Amino acid sequence: MTKLAGKVALITGGALGMGFATALTLAREGAMVVIADRDEDAGQKAARGIKEETGTEALFVHLDVASEEAWLAGMATVADRFGRLDVLVNNAGVYMSGTTESTSLDVWEKTFAVNVRGVFLGSKTSIPLMRKSGGGSIINICSNWGIVAFPDAAAYCASKGAVRLLTKATASEVAQDNIRVNSVHPSLTATDMTRGVLEDKEATKRLLGPSLLGRPAKADEIANVVLFLASSDSSFMTGSELVVDGGYTAV
């Protein structure tokens, strides 16, 4: 299918897990994708695999989302290669457990550097290119724990709460440029990175919490929601939050 034919999409943390599933889903709909990641080997492999499977152009860009210089260089590469940017998926994130009392300042700052500064810098540096492209869609991958709290994730919950409101603030600033900004709020998702947790039944039960569906999400289930926000199917949505958590926050 070709919902995104001719569009260019950049996905941070796109080499593995949910980010790779998202990049592949967008490419299957015709998007030229930029895999932005710190893992050079996995990123190059992801780009090759997507190009081989879908036939669409896929480019790897080495990117530390916490670095403004890296973002400026990455956007310059996208502009030189494609001349436009239509979709930005701020997917890269980190999770380190800890209560407010037990969390070190170092853990707090590392969490915010990736989860909040990365989203801020991605949005900040992509907006000028999107404006030149005639508009676009910024999609921030947040969390159900950006809406409700979890009692051993103080830094993570705070960072995702910040992304939730940053999404709305940015949306209010760029609507006149035909740039839409929305957030996606998944719960526990089954990927290679969460395999170890999911092998622990007690840990899985704790993380699933009050989920009505009682299971982790599949990466494709999150990627399909991102596709919706990336495409014209969601053309009247901005400043919104889409909760994809199996009913975790419903009760």
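Details of the structure are given in the entry above.
For every chain, the first residue of its written sequence is number 1, and the numbers climb from 1 along that sequence. This being a predicted model, a pLDDT of at least 70 is required before a residue's local features are given, and a value of 80 or more before pairs of side-chain atoms are given or counted; all residues contribute to the totals for chains, interfaces and linings. Each side-chain value is derived from all of the structure's non-hydrogen atoms; neither hydrogens nor water enter the calculation.

1. Considering the packing of helix α1 (residues 17-28) against helix α8 (residues 219-230)
For helices, the fitted axis covers only the stretch in contact; all axes are lines through C-alpha atoms, and the angles between them, taken along N-to-C directions, range from 0 to 180 degrees. Counting from the N terminus, the helices are DSSP H or I runs at least four residues long and the strands are E runs at least two residues long. Their axes nearest at 8 Å, the elements α1 and α8 cross at an angle of 50°. With respect to α8, the axis of α1 lies oblique. Relative to α8, α1 is oriented so that their crossing is right-handed. Every residue of α8 that contacts α1 at M18, A21, T22, T25 and L26 is listed here: A219, D220, I222, A223, N224, V226, L227 and A230. Classification convention: Asp, Glu, Lys, Arg as charged; Ala, Val, Leu, Ile, Met, Phe, Trp, Tyr, Cys, Pro as nonpolar; all other residues, Gly among them, as polar. Grouping the amino acids of the contact of α1 with α8 by side-chain chemistry returns nine nonpolar, three polar and one charged. Small angles under 35 degrees read as roughly parallel and large ones over 145 as roughly antiparallel, with 65 to 115 read as roughly perpendicular and the rest as oblique. By definition, any crossing whose near helix is turned counterclockwise from its far helix by less than a right angle is left-handed, and any crossing with a clockwise turn is right-handed. Throughout, a residue-residue contact means that at least one pair of heavy atoms, one from each residue, lies within 4.5 Å.

2. A closer look at the packing of aromatic side chains
Put simply, two rings from Phe, Tyr or Trp (the six-membered ring, in Trp's case) pair if the centres are within 6.5 Å, and we call them stacked under 30 degrees between planes, edge-to-face over 60, tilted for the rest. Enumeration over the complete set of coordinates arrives at five aromatic pairs. Between the aromatic rings of Y95 and Y156, the centroid separation amounts to 5.2 Å while the plane-to-plane angle is 85°, which identifies the pairing as edge-to-face. With Y95 in the loop between β4 (87-90) and α4 (105-132) and Y156 in helix α5 (residues 154-174), the pair connects residues that are 61 residues apart, well separated along the chain. You can call Y156 buried: its relative accessible area is 14%. Residues W108 and F112 carry aromatic rings whose centres are separated by 4.8 Å and whose planes lie at 20° to one another, so their mutual orientation is stacked. Of the two residues, W108 and F112 are both situated in helix α4; the distance of four residues between them amounts to about one turn of the helix. An aromatic cluster of at least three residues, connected via ring pairs, comprises Y95, W145, F150 and Y156. A simple rule labels every residue: compare its accessible area, found with a 1.4 Å probe on the protein chains alone, to the largest value its type can have, and call it buried under 20%, exposed over 50%, or partly exposed in between.

3. Structural notes on the layout of surface pockets
We place a 1 Å grid over just the protein atoms. Points where a 1.4 Å probe fits but has no way out form a cavity, open points with protein on both sides within 12 Å along at least 5 of 7 lines form a pocket, and any residue with an atom within 4 Å of a point lines it. Grid points are joined across faces, edges and corners, and a volume is the space filled by probe spheres set on the points. Taken as a whole, the largest pocket holds about 1,200 Å³ of empty space. As for the largest pocket, its lining consists of 39 residues, and the residues nearest its centre are G93, V94, Y95, Y156 and M193. When residues of the lining of the largest pocket are traced back to their parent elements, those giving at least two are α1, β2 (32-37), α5 and α7 (201-208). Classifying every residue of the lining of the largest pocket by side-chain character gives 20 nonpolar, 12 polar and seven charged. Estimates place the volume of the second largest pocket at around 340 Å³. Broken down by secondary-structure element, the contributors of at least two residues to the lining of the second largest pocket are β5 (136-141) and β6 (179-186). Considering only residue class, the lining of the second largest pocket consists of six nonpolar, nine polar and five charged.

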